[in-house]
Amino acid sequence: MYQLFGHRQSGSAAVEIALGLCEVPFRRIDAYSTEDSEATNQLKALNPQAQVPTLQLPDGSVLTEAAAILIHLGLSFPGSKLLPEDPLERAQAVRGLVYVAANCYTPIGIIDFPQRWLDGGDDASGQQLVRGTQQRLYRNWALFADQFPARPFLGGAEPGALDILAAVITRWSGTREAMLNARPEFHALLERIDRHPRVAPVLSLHWPG
């Protein structure tokens, strides 16, 4: 059985959706890097970064990084439609997943924990770092919206891995509000993804109401 180390309203929500689409049994273990718990100790033993999501496969091997996990599941379970069947379309979906991981996921860690990126900086420096990183984050999402058109979803006829990851990560750091102003069509797409029956049940558990 798959074991997913995750946390409420974290990137593990995307992997939960994906595992459900793959129709494989899995157990979610609630763990978070800043908590002192047995589950967090288990997570650190598998992933020294103590980051979620971390997925332990049935054979005991470990996958980290949300994009890598989604790509693995999409390739392993093509019936899930996480990745497009067409090789060229699949290549663009993989490109999009890596783009999000590199340009839109990473800034969240700076915004949430600016002190990790400052060597003895004061509060004013931390606030300045957060503001600058937020603006860069919003710019990166706007560029994403310009480069990856929906047909009607990013994954084609149905939401795929790229849609799922975008729907989850844009819920953080004021991104949805920024996209409503900067890229309203992309904001509308995100809301369509939220409501889709392939996605909505898990999102409603992580973000009720």
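Residues numbered from 1 in each chain as written. Predicted model: local features only at pLDDT ≥ 70, side-chain atom pairs only at ≥ 80, totals over all residues. Heavy atoms only, no water.

Q: How should I be thinking about the overall build of the protein in this particular structure?
A: The helix and strand tally for the protein stands at nine helices and four strands. Against the globule reference of 17 Å for 209 residues, the protein gives a C-alpha radius of gyration of 17 Å, in line with a compact fold. For the C-alpha atoms alone, the extent of the protein along its principal axes is close to 50 × 45 × 35 Å. Looking at the protein as a whole, 47% of its 209 residues are labelled buried. Across the protein, every contact between residues at least 6 apart in sequence was considered, and the portion connecting residues at least 24 apart equals 63%. (Helix = DSSP H or I, 4+ residues; strand = E, 2+ residues; numbered from the N terminus. Rg over C-alpha atoms; globule rule 2.2 N^0.38 Å. Buried < 20%, exposed > 50% of the residue type's maximum accessible area, 1.4 Å probe, protein only. Contact = heavy atoms within 4.5 Å.)

Q: Help me understand the pattern of salt bridges in this model?
A: In a structure, side chains of opposite charge can pair up when their charged atoms sit close to one another. The final tally for this structure, using the stated rule, is five salt bridges. Across the pair Arg 171 and Asp 194 runs a salt bridge, and its minimum N-O distance is 3.3 Å. Placement of Arg 171 in the loop between α6 (161-169) and α7 (175-182) and of Asp 194 in helix α8 (residues 184-195) is noted, with a sequence separation of 23 residues between them. Since its relative accessible area comes to 15%, Asp 194 is described here as buried. With its nearest N and O atoms 2.8 Å apart, the salt bridge here joins Arg 176 to Asp 194. Residue Arg 176 is located in helix α7, and its partner Asp 194 is located in helix α8; the two are separated by 18 residues in the primary sequence. You'll find Arg 176 and Asp 194 in the same group, each marked buried. Here the salt bridges share partners, and the residues they tie into one network are Glu 16, Arg 28 and Asp 30. (Salt bridge = Lys/Arg side-chain N within 4 Å of Asp/Glu carboxyl O.)

Q: It is not clear to me how the nonpolar core should be interpreted in this structure. Could you clarify?
A: Grouped burial of nonpolar side chains is what soluble globular proteins tend to show. Among the nonpolar cores identified, the biggest contains 57 residues, and Leu 73, Leu 97, Trp 141 and Phe 144 are the most heavily contacted of them. In terms of nonpolar packing, the next biggest core, distinct from the first, is built from seven residues, Ala 31, Ala 39, Ala 50 and Val 52 among them. (Core = buried A, V, L, I, M, F, W, Y, C linked by side-chain atoms within 4.5 Å.)

Q: Is there a simple way to think about the side chain of Thr 170 in this case?
A: With respect to the helices, strands and loops of the structure, Thr 170 is situated in the loop between α6 and α7. Separated by 2.8 Å, the side chains of Thr 170 and Arg 176 make a polar contact. When neighbours within four sequence positions are excluded, Thr 170 is seen to be in contact with Trp 141, Thr 175, Arg 176, Phe 186 and Leu 190. (Polar contact = N/O pair within 3.5 Å; in protein donor to acceptor, adjacent residues only side chain to side chain.)

Q: Would you explain the environment of Glu 191 in this entry?
A: The residue Glu 191 is located in helix α8 in this model. For the pair Glu 191 and Ala 167, spaced 24 residues apart in the sequence, the C-alpha separation amounts to 8.0 Å.

Q: Looking at this structure, I do not really get the packing of α6 against α8. What am I missing?
A: Packed helices, taken two at a time, are described by the angle their axes make and the gap between the axes. Their axes nearest at 9 Å, the elements α6 and α8 cross at an angle of 105°. It follows that α6 is roughly perpendicular to α8 by the angle criterion. Contact residues: Asp 163, Ala 166 and Ala 167 in α6; Leu 190, Ile 193 and Asp 194 in α8. Across the contact of α6 with α8, the residue classes break down as four nonpolar, no polar and two charged. (Axes fitted to C-alpha atoms, helices over the stretch in contact; angles between N-to-C directions. Parallel < 35°, antiparallel > 145°, perpendicular 65-115°, else oblique. Nonpolar A, V, L, I, M, F, W, Y, C, P; charged D, E, K, R; others polar.)

Honestly, that's just the spatial picture; any functional story needs more than this.
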